[in-house]
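Understanding the architecture of this molecule
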Amino acid sequence: MSPCNAEPGTRNAERNPRTILHDANQVLVLTGAGISAESGVPTFRGPGGLWKEFRPEDLATPEAFAGDPRLVWEWYGWRREKVAACAPNAGHLALARWMLARTGVTLVTQNVDGLHEAAARSIDPAGPDRAMPVRLHGSIARVRCPGCGFSAEDAGPVDARSLDTLPHCQSCGAMLRPDVVWFGESLPVDALLRAEEAANQADACLVVGTAGAVYPAAGFVLAVERRGKPVIVVDPGPTSFDDVAAAKLVGNAGELLPALLG
Ligand code: BV8
Ligand code: ZN
């Protein structure tokens with residue numbers, strides 16, 4: 001299928017993105033850093049994606065943490081501060097509202113910023129569960145102990161002045177790490193299984209704000225397409241899914257998702 005820059009509501013019926021999503025019983029949604037861009041969270045590979053002179057791929061690795069835990073913790077502390085100042089944008093909210101208003105949608109996110117969760121809670125504080133994401137890459141607001149497996153919520157500031165001031169485990173004393181999945185690390189098994197099942201059941205796939213450079217996340221979208229199901233991409237830039245997309249909506253999630261899902 002060649003991509004088309006279909007706007008929501010165009011009369012290209014068999015490939016109208018709204019019709020595709022309306023008619024799909026089961027939908028896999030994959031999001032990446034781009035859905036949080038309008039909230040002020042820098043993307044990985046976009047203009048704001050750098051920190052000091054480092055690339056995320058150089059810092060989000062076990063080797064970087066082993067080599068300089070202070071530097072890696074300083075980066076996560078900076079990102080935690082960034083995220084703490086951000087709120088879900090119209091794209092997160094439209095997606096959460098849509099998920100709570102229907103059934104059959106599995107949201108799988110590569111993001112660790114917690115903004116999908118915040119959107120779901122703001123739409124329905126009493127019953128956000130159906131709009132909660134499958135977190136492929138963990139959470140920046142959690143820590144875990146490589147020594148004893150202890151893990152906990154922790155979105156607080158990081159004192160990276162010395163190794164001693166970095167977070168340490170209350171149980172065994174080992175240095176804690178952010179509870180995220182770094183490059184070269186395997187993803188949480190339960191998240192992988194839920195994403196795989198959603199990809200195998202999906203009648204359609206909606207991809208929002210990801211360049212599609214990272215695996216196995218990107219592979220779930222391709223698995224849906226290989227089953228002959230339509231893929232809809234929402235992104236202002238090029239993505240690795242553009243050649244297989246049934247429809248590409250070129251623009252920002254915060255503007256396009258309310259029109260597409262509303
Ligand atoms: C693993 C958490 C195996 C940390 C991240 C093939 C198969 C399997 C693995 C590989 C493979 N090929 C290569 C690999 C290895 C590697 C990989 O994929 N490397 C890439 C770089 C080539 N994968 C892994 O290492 C994974 N592990 O496979 O393990 C294994 C098995 C057994 C035992 C041991 C190992 C782990 C990958 C997870 C890495 N962790 N994050 C943290 O966040 O700190 S990945 C990181 O990249 C983020 O999660 C981020 O979300 C993700 C993907 O990036 P994007 O979200 O796409 O962000 P990006 O900036 O690239 O793009 C933003 C997009 O938004 C753009 O398209 C832009 O146009 C758009 N946009 C901008 N503004 C807007 C917008 N869209 C909409 N609206 C807007 N306003
Ligand atoms: Zn411990």
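Note that residues are indexed from 1 along each chain, following the sequence as it is written. All chains are assigned letters beginning at A, and all ligands numbers beginning at 1, according to the order in which they are written. At least 70 in pLDDT is required for a residue's local features to be given in this predicted model, at least 80 for side-chain atom pairs to be given and counted, and no such filter applies to totals for whole chains, interfaces and linings, which use all residues. Values shown for side chains rest on all heavy atoms present in the structure; no hydrogens or waters enter the calculation.

A few words on the confidence of the model for the protein. pLDDT: the predictor's confidence for each residue, scored from 0 to 100. Put simply, the protein has an average pLDDT of 93, and 94% of its residues get 70 or more. Scored below 50 in pLDDT, residues 1-14 makes 32 contacts in the model with residues more than four places away or belonging to other chains. By the convention used here, residues are in contact when the closest approach between their heavy atoms is within 4.5 Å.

We now examine the sheet that holds strand 2 (residues 105-109). Taking strand neighbours across the sheet as the criterion, the six strands line up as 3-2-1-7-8-9 in an open arrangement whose pairing is parallel. In this open sheet, the two strands that pair with only one neighbour each are strand 3 (134-135) and strand 9 (247-249). In this structure, strand 7 (residues 204-208) lies alongside strand 8 (residues 231-234), joined through four bridges in parallel fashion. For valine 208, the partnering residue across the bridge sits in strand 8 and is valine 234. Here, any two strands with at least 2 DSSP bridges between them count as paired. Only DSSP runs of H or I with at least four residues qualify as helices, and only runs of E with at least two residues qualify as strands; both kinds are numbered from the N terminus onward.

On to the packing of helix 5 (residues 90-101) against helix 9 (residues 253-261). Every axis corresponds to a line fitted to the C-alpha atoms, with the helix fit spanning only the stretch in contact, and the corresponding angles, defined between N-to-C directions, vary from 0 to 180 degrees. Packing of helix 5 against helix 9 brings their axes to within 7 Å, and their N-to-C directions diverge by 25°. Considered as vectors, helix 5 and helix 9 are oriented roughly parallel to each other. Note on packing geometry: the crossing formed by helix 5 with helix 9 is left-handed. Residues Ala90, Gly91, Ala94, Leu95 and Trp98 of helix 5 touch helix 9, and the partners they reach there are Ala253, Gly254, Leu257, Pro258 and Leu261. In terms of residue class, the contact of helix 5 with helix 9 is built from eight nonpolar, two polar and no charged. Should an angle fall under 35 degrees it is taken as roughly parallel, and over 145 as roughly antiparallel, whereas 65 to 115 is taken as roughly perpendicular and any remaining angle as oblique. Crossing handedness is defined as follows: a turn of the near helix away from the far one that is anticlockwise and smaller than a right angle gives a left-handed crossing, while the clockwise case is right-handed. Under this grouping Gly is polar, as are all residues other than the nonpolar Ala, Val, Leu, Ile, Met, Phe, Trp, Tyr, Cys and Pro and the charged Asp, Glu, Lys and Arg.

Our focus in this paragraph is the coordination of the zinc ion (ligand 2). Coordination of the zinc ion (ligand 2) by the protein comes from Cys145 (SG), Cys148 (SG), Cys169 (SG) and Cys172 (SG), over a distance range of 2.2 to 2.3 Å. Because water is not among the atoms used, a metal site may look incomplete, as its donors are only the N, O and S atoms within 2.8 Å, or 3.2 Å for Na, K and Ca. When four donors show all angles between 85 and 135 degrees the site is tetrahedral, when four or six donors have opposite pairs over 155 degrees and all other angles between 65 and 115 it is square planar or octahedral respectively, and in every other case it is irregular. Angles of 98 to 119° at the metal separate the four donor atoms of the zinc ion (ligand 2), which places the site in the tetrahedral class. All donor residues of the zinc ion (ligand 2) come from one chain, and their arrangement in sequence is C-x2-C-x20-C-x2-C. Pair noted here: cysteine 148 is in the loop between strand 4 (138-144) and strand 5 (151-153) and cysteine 172 is in the loop between strand 5 and strand 6 (177-180), with a separation of 24 residues, a long-range link.

This next bit is on the pattern of salt bridges. Whenever Lys or Arg places a side-chain nitrogen within 4 Å of a carboxyl oxygen from Asp or Glu, that contact is recorded as a salt bridge. Counted under the stated rule, the structure contains nine salt bridges. Across the salt bridge formed by glutamate 117 and arginine 135, the nearest N and O atoms sit 2.6 Å from each other. Highlighted residues: glutamate 117 in helix 6 (residues 115-123) and arginine 135 in strand 3, separated in sequence by 18 residues. According to the relative accessible area criterion, glutamate 117 is buried, its value standing at 6%. A simple rule labels every residue: compare its accessible area, found with a 1.4 Å probe on the protein chains alone, to the largest value its type can have, and call it buried under 20%, exposed over 50%, or partly exposed in between. With relative accessibility at 29%, the residue arginine 135 sits in the partly exposed group. Arginine 161 serves as the salt-bridge partner of aspartate 159, at 2.4 Å between the closest nitrogen and oxygen. Given the relative accessible area of 26%, aspartate 159 is considered partly exposed. Linked through salt bridges whose partners overlap, the residues forming this network are Arg142, Arg144, Glu153 and Asp179.

With that out of the way, let us pick up the domain arrangement of the protein. A domain assignment, automatic or from a database, supplies the domain bounds used here. One can read the domain layout of the protein as domain 1 (1-41 + 88-137 + 186-262) and domain 2 (43-85 + 142-180). Measuring from the centre of the C-alpha atoms in domain 1 to the corresponding centre in domain 2 gives 28 Å. Listed per partner, the contact involves eleven residues of domain 1 and nine residues of domain 2. A combined buried area of about 700 Å² lies between domain 1 and domain 2, and 67% of that area is made up of carbon and sulfur atoms. Accessible area that two parts lose when put together, with a 1.4 Å probe and added across both, is what the buried area reports. Of all residues in domain 1, Ala33, Val41 and Val112 bury the most surface against domain 2, accounting for 40% of the area lost on that side. Between domain 1 and domain 2 we count zero salt bridges in total. N or O atoms closer than or at 3.5 Å make up a polar contact, with two conditions inside protein: a donor-capable atom paired with an acceptor-capable one, and, for residues adjacent in sequence, both atoms drawn from side chains. Our enumeration of links across domain 1 and domain 2 arrives at one residue pair in polar contact (both at pLDDT 80 or more). Residues that form the side of domain 1 that touches domain 2 fall into these classes: six nonpolar, three polar and two charged.

On to the pairing of strand 4. Looking along a regular strand, one sees side chains alternate from face to face of the sheet. Where burial is concerned, most of strand 4 is hidden: five out of the seven residues are buried. Where strand 4 and strand 5 come together, three bridges link them in antiparallel fashion. Looking across to strand 5, one finds that arginine 142 is bridged to glutamate 153. Where strand 4 folds back on strand 5, the antiparallel hairpin that results is connected by six residues, among which glycine 149 adopts a positive phi of roughly 85°.

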